[in-house]
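What follows is each chain in one-letter form.
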Amino acid sequence: MITLEHIYWLSGLMMAGVAIVNWRDRSNPRRFNNSAFWGVYGITFLVGTHLPDLVNGFLVIAMVLVASIRGLGQGSHVGDTQAEREASAKRWGNRLFVPALAIPLITVLGTVIFKRIAIHGVPIVDLKQVTVISLAIATLVALAIGMIMLRPPLLAPIREARRLLDAVGWAAVLPQMLAALGALFAIAGVGTVVSGIAQRWIPLDKPFVVVATYAIGMAAFTMIMGNAFAAFPVMTAGIGLPLIVQKFGGDPTIMAAIGMLSGFCGTLMTPMAANFNIVPTALLELPDENAVIKIQIPTAIALLGANILLMNFLVFRR
Amino acid sequence: MLTLIGIVIVVVGFVLRINPLLVVTIAGLATGIAGGLGPLEVIAAFGKAFITSRYVAIVWLVLPVIGLLEHAGLKERARAVVAGLRAATASRVLLVYFAIRQVTAALGLTSLGGHAQMVRPLIAPMAEGAAENQYGELPQSTRYRIRANAAAVDNIALFFGEDIFIAIGSILLIRGFLDQNGIHVEPTQLAIWAIPTAVCAFVIHCTRLLLLDRRLRAELTKNHDKT
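As the structure is a prediction and not an experimental result, all values here were calculated from the model. (Residues numbered from 1 in each chain as written. Chains lettered and ligands numbered in written order. Predicted model: local features only at pLDDT ≥ 70, side-chain atom pairs only at ≥ 80, totals over all residues.)

Let's shift gears to the overall build of chain A. The number of helices and strands found in chain A is 15 helices and two strands. Projecting the C-alpha coordinates of chain A onto the three principal axes gives extents of approximately 70 × 45 × 45 Å. A total of 318 residues make up chain A; the buried ones form 52% of that total. Looking at chain A alone, contacts between residues at least 24 apart form 72% of all its contacts between residues at least 6 apart. (Helix = DSSP H or I, 4+ residues; strand = E, 2+ residues; numbered from the N terminus. Buried ≥ 20, exposed ≤ 12 C-beta atoms within 10 Å, placed from the backbone. Contact = placed C-beta atoms within 7 Å.)

Here you go:
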């Protein structure tokens, strides 16, 4: 059975390759820092499962220190020119879309098919992780199609991965760091403290005020945690269930559905949701790392307002 | 109250623009210690949480093939395709993507998108290409704005589409949490009550996208006249 562990090996090998290409690139004045950063990251993928937690912790801290104190750099990319790419685009035409679109299509196909096939009663892939594993398999198929079609040098994929990964830089690791931070918040009980403050300081005696507090609280707490999933249990246990449902007789289904979506409004406004908001600015080479958040804020605020009105209107209907 | 120190550190760190990796690490360690863990226990807890969240980074596996295709002119081709459509504008390209992304997410096909797989190699170049087609060479700031909008469309359409699908993580979480509190809800009911917000999201954001086209026209035709 293919599990997440196998996919981690693949990621680890890619990171190790990126570290080696960086090591040999003299055009990057900080090549050893890059090499150390991606190399250690590769180790966490390859053997992280088997290392003691404390060792993993020190590896993470080493990565953070390399990236923040020493700093990562980028090699001067000598490669294709705009004109060369234009010519290549003309030559290959729409065939270039085939590997690119194969990634999402095979991922979706994989999630559907892997659930249905099993050998001797054992599924081929770990079904709990079927989407992520399908994505990894899809990228391998797409890479194979690309290699056969374009016939680039054998090491071209890893060099391209290096170019893109160095362009994204430390932001590539930020989502994972924030997930770790969320886990520590949970261990320390940050959530209960926050909902305690909300209950103590906000006058929660009118249904509309309670609904607004719950929805805004979901958004605000999601902004702090970077994740609506972390905010939902806290706000719902602290405000939603005792006040909206029990005190004012609201419908728990509607409250929960719209409450979660209010949290998503918070996700749109916070740098803590790095994989949605910060990583794309790096991927799209935007100079302002808050550029995506700035575009999203007006929509998020308008939608949060809409959610408050919808919940107030719908939740007390019966 | 001391447990909130991590939040303070994160906010101050982001405001002062200190390297976020460093800020998050310090916030995590401080929160753990404020929560009563010993220094080594905190580091171990941090390491463990980092290792269990590795799945977030699987998406980087797409970079080799995306880089390869970009080298072969994928972005240029995406632009050229849009250049052939006379009706295409930056906003219309993004509108179509928004609708496709939201509907497919509502059907559970959340992986038909993403910033590394779709936005960078295809959607952003298409939107830029459409604007170039209308106004000629674009100022860099306009390119940045169009790209940021492309990323925002991917996020918003995903967030407010996926909750209509009954087997998505957030629905399962809601159901599990309410079950623990003795309230039984049907996933289909949760999904149905996500629809009003989904409609609002579509209306609000697509209106803003249409305004983006008007803004681009106002700015870029003015520039054109000057030169």
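Taken domain by domain, chain A comprises domain 1 (1–170) and domain 2 (174–315). Looking at the side of domain 1 of chain A that touches domain 2 of chain A residue by residue, the class counts come to three nonpolar, one polar and no charged. (Domains from an automatic or database assignment. Nonpolar A, V, L, I, M, F, W, Y, C, P; charged D, E, K, R; others polar.)

At a minimum axis separation of 8 Å, helix H8 (residues 174–188) of chain A and helix H3 (residues 39–52) of chain B run at an interaxial angle of 130 degrees. The angle between the axes of H8 of chain A and H3 of chain B places the two elements in the oblique class. Note on packing geometry: the crossing formed by H8 of chain A with H3 of chain B is right-handed. Side by side, H8 of chain A and H3 of chain B meet where Gln176, Met177, Ala179, Ala180, Ala183, Leu184 and Ile187 of chain A of the first sit next to Ala45, Phe46, Ala49 and Phe50 of chain B of the second. Across the contact of H8 of chain A with H3 of chain B, the residue classes tally to 10 nonpolar, one polar and no charged. (Axes fitted to C-alpha atoms, helices over the stretch in contact; angles between N-to-C directions. Parallel < 35°, antiparallel > 145°, perpendicular 65-115°, else oblique. Left-handed = near helix turned anticlockwise from the far one by under 90°.)

This part is about helix H6 (residues 130–150) of chain A. Counted at 1.5 Å a residue, the expected span for H6 of chain A with its 21 residues is 30 Å, and the 30 Å between its end C-alpha atoms agrees. Looking only at H6 of chain A, the buried set comprises Val130, Val132, Ile133, Ser134, Leu135, Ala136, Ile137, Ala138, Thr139, Ala142, Leu143 and Gly146 of chain A. The secondary structure elements touched by the buried residues of H6 of chain A are helix H1 (4–23), helix H5 (97–113) and helix H7 (156–168) of chain A together with helix H4 (63–71) of chain B. Arg151 of chain A lies just past H6 of chain A and shows a positive phi near 50 degrees. (Expected span 1.5 Å × (residues − 1).)

This brings us to unusual backbone geometry. Positioned with a positive phi, Glu285 of chain A is a non-glycine residue whose angle comes to about 60 degrees. Here Glu285 of chain A is to be found in the loop between helix H14 (279–283) and helix H15 (291–315).

Turning our attention to the interface of chain A and chain B. Taken together, the 108 residues of chain A in the interface contact 94 residues of chain B. Considering each element in turn, the side of chain A that touches chain B owes the most residues, 13 residues, to H8 of chain A. Within the side of chain A that touches chain B, the residues separate by chemical class into 80 nonpolar, 22 polar and six charged.

Time to look at the domain arrangement of chain B. With domains assigned, chain B is organised as domain 1 (2–52) and domain 2 (61–226). Taking only C-alpha atoms into account, the centre of domain 1 of chain B sits 33 Å from that of domain 2 of chain B.

Here we come to the environment of Trp92 of chain A. Residue position: Trp92 of chain A is located in helix H4 (residues 82–92). Accessibility expressed as a C-beta count within 10 Å gives 18 for Trp92 of chain A, which makes it partly exposed. Along the primary structure Trp92 of chain A and Met149 of chain A are separated by 57 residues, whereas in three dimensions their C-alpha atoms are 9.4 Å apart. Once you skip the residues sitting within four places of it in the chain, Trp92 of chain A turns out to touch Ala72 and Gly73 of chain B.

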